[in-house]
Structure formats: C-alpha cells, structure tokens
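# Chains, contacts and geometry: an overview
Below are the chains, spelled out letter by letter.
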Amino acid sequence: NAGVTQTPKFQVLKTGQSMTLQCAQDMNHNSMYWYRQDPGMGLRLIYYSASEGTTDKGEVPNGYNVSRLNKREFSLRLESAAPSQTSVYFCASTLWWDSGANVLTFGAGSRLTVL
Amino acid sequence: RKEVEQDPGPFNVPEGATVAFNCTYSNSASQSFFWYRQDCRKEPKLLMSVYSSGNEDGRFTAQLNRASQYISLLIRDSKLSDSATYLCVVNGANAGKSTFGDGTTLTVKP
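Below: a short report on this structure.

The rules behind each value
Residues numbered from 1 in each chain as written. Chains lettered and ligands numbered in written order. Predicted model: local features only at pLDDT ≥ 70, side-chain atom pairs only at ≥ 80, totals over all residues. Heavy atoms only, no water. Pairing = 2+ DSSP bridges. Helix = DSSP H or I, 4+ residues; strand = E, 2+ residues; numbered from the N terminus. Axes fitted to C-alpha atoms, helices over the stretch in contact; angles between N-to-C directions. Contact = heavy atoms within 4.5 Å. Buried area = accessible area lost by both parts, 1.4 Å probe. Polar contact = N/O pair within 3.5 Å; in protein donor to acceptor, adjacent residues only side chain to side chain. Nonpolar A, V, L, I, M, F, W, Y, C, P; charged D, E, K, R; others polar.

## Some words on the sheet that holds strand β3 (residues 19–25) of chain B
Residue and element names in this part refer to chain B. The 5 strands lie next to each other as β1-β3-β8-β7-β6, forming an open sheet whose pairing is antiparallel. In this open sheet, the two strands that pair with only one neighbour each are β1 (4–6) and β6 (55–57). Between one strand axis and the next, the sheet turns through 15 degrees on average, direction left out of account. Two elements, β6 and strand β7 (residues 60–65), share 3 bridges in a ladder whose sense is antiparallel. By the bridge assignment for β7, Glu-56 is matched with Thr-61.

## Some details on the environment of Thr-55 of chain A
If you trace the backbone, Thr-55 of chain A turns up in the loop between β5 (43–49) and β6 (56–57). Residues Thr-55 of chain A and Ser-67 of chain A, 12 residues apart in the sequence, show an inter-C-alpha distance of 7.6 Å.

## Brief notes about the interface of chain A and chain B
Facing the 23 residues of chain A at the interface are 23 residues of chain B. Buried surface at the junction of chain A and chain B, summed over both partners, amounts to about 1,700 Å²; 56% is from carbon and sulfur atoms. Here chain A is connected to chain B by 5 residue pairs in polar contact (both at pLDDT 80 or more). Listing elements by their share of the side of chain A that touches chain B, those giving two or more residues are β4 (31–37) and β5 of chain A. Top contributing element to the side of chain A that touches chain B by residue count: β4 of chain A, with 4 residues. Tallied by class, the residues present in the side of chain A that touches chain B amount to 14 nonpolar, 7 polar and 2 charged.

So far we have only geometry, and geometry alone does not tell us how the molecule works.
Given below as structure tokens:
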C-alpha cells in the first residue's frame, strides 16, 4: 500500500502566485488533515475533513482553502501565496471513531518556498 | 498557555543512557495519547500509543497520569538511532482535535 501520497514534494512560488497541494490515501480512512510545520516548531492544523463532504478550519486556516474531492483525496490551495506561507506541509489521514485510538498516518511532506 | 507542552530540549545523552521526556496537556476531556517520532525533514511516525495502565515496547515505556494531566516517555539503553524529535500528541473527542506538542529533540552521542 502507498499509504498517504502528497504532490508536489518541492515547490518554489513567487508572492501572489497560486498553487494546489494534492493528497491521496488508499487506506479507506474517513478523516484527512493538512498541517504545516515551521522550523523548530510542532505541527499546526490548517484544515481538516472529518468525513467525505465536510471540511472545517483548524488552528491556522487564513490564506488557504481545501477541497475534499472524494473519500481518497483532500487538496490544499493557496490562492495568493505569501512569504509567511513558506513551510513544510503534511497531509495526514486516519480512521476516526469515537473514543478510538485514532492514529494519524502522514504523507512525506511538501516543501514550499514563497519568494 | 499551549494545549500541549513539551520540554523542547535538546537532550544530549551518551549511548546507553536512560532519558525521560514529559508532556503536559490542558484539556481534561482528552481521550487518547500518543508519542510520535520525527526524523530530520521527514514525516512524523507513530512510536507508541499511551494507555492508562502504562505500556512498554522494548526499550520504550510510556505512562499516562490523568489526574496530573501529563504523559511521559522513557527510553532505556539509548542507541544512536534514537536521535530524533519526539512529539507528544493528544486527541480530543472530535475528528479535528489531534493536538501536537512542539517536540523534544534527542541526540544520542557515541
């Protein structure tokens, strides 16, 4: 199994450009997430999708939009990139159930630089 | 105050040492707890879940203290390969509430 696949792995943008990060999982997970990680810091949740058809804001949603395309795919879009969005972006998924030990599986990360 | 707090370290220890990390959380309704390991520039990976009764996996022991709202990770007989950042993760009741600590960096030296 591939697990969680993110594309692209690396991207350099100019300020104001737009781009979409793609994420797909093949584990039949219901919940998917986008995190960002800045140097020396932990992961901060940008948006999540608890199940197909729903999306919700996380801790740092400003400047981003998401689409849960189907159960497998969850994309993150930067409409007008800013240098503050330079970061490593991780997609994750889990089979979330109440009171369950909901372990996240992560993609390999997408390293984005905004000049 | 952050929801999940960890001592950032760094912890620099010799091979064979025993090292312990602590993590505190603020939400008493938190439901499940984990330690993840993150190698430099890689994705986090589950190290172990943390159960109320405490649990052990080889050289690693995790403990949960709900009354004091902290979890711990003990690594015995440290190996060079244990060098990494260890992330404490606390899950709430709904699907969006996996909160990460900022991580504790461990370097094991020969």
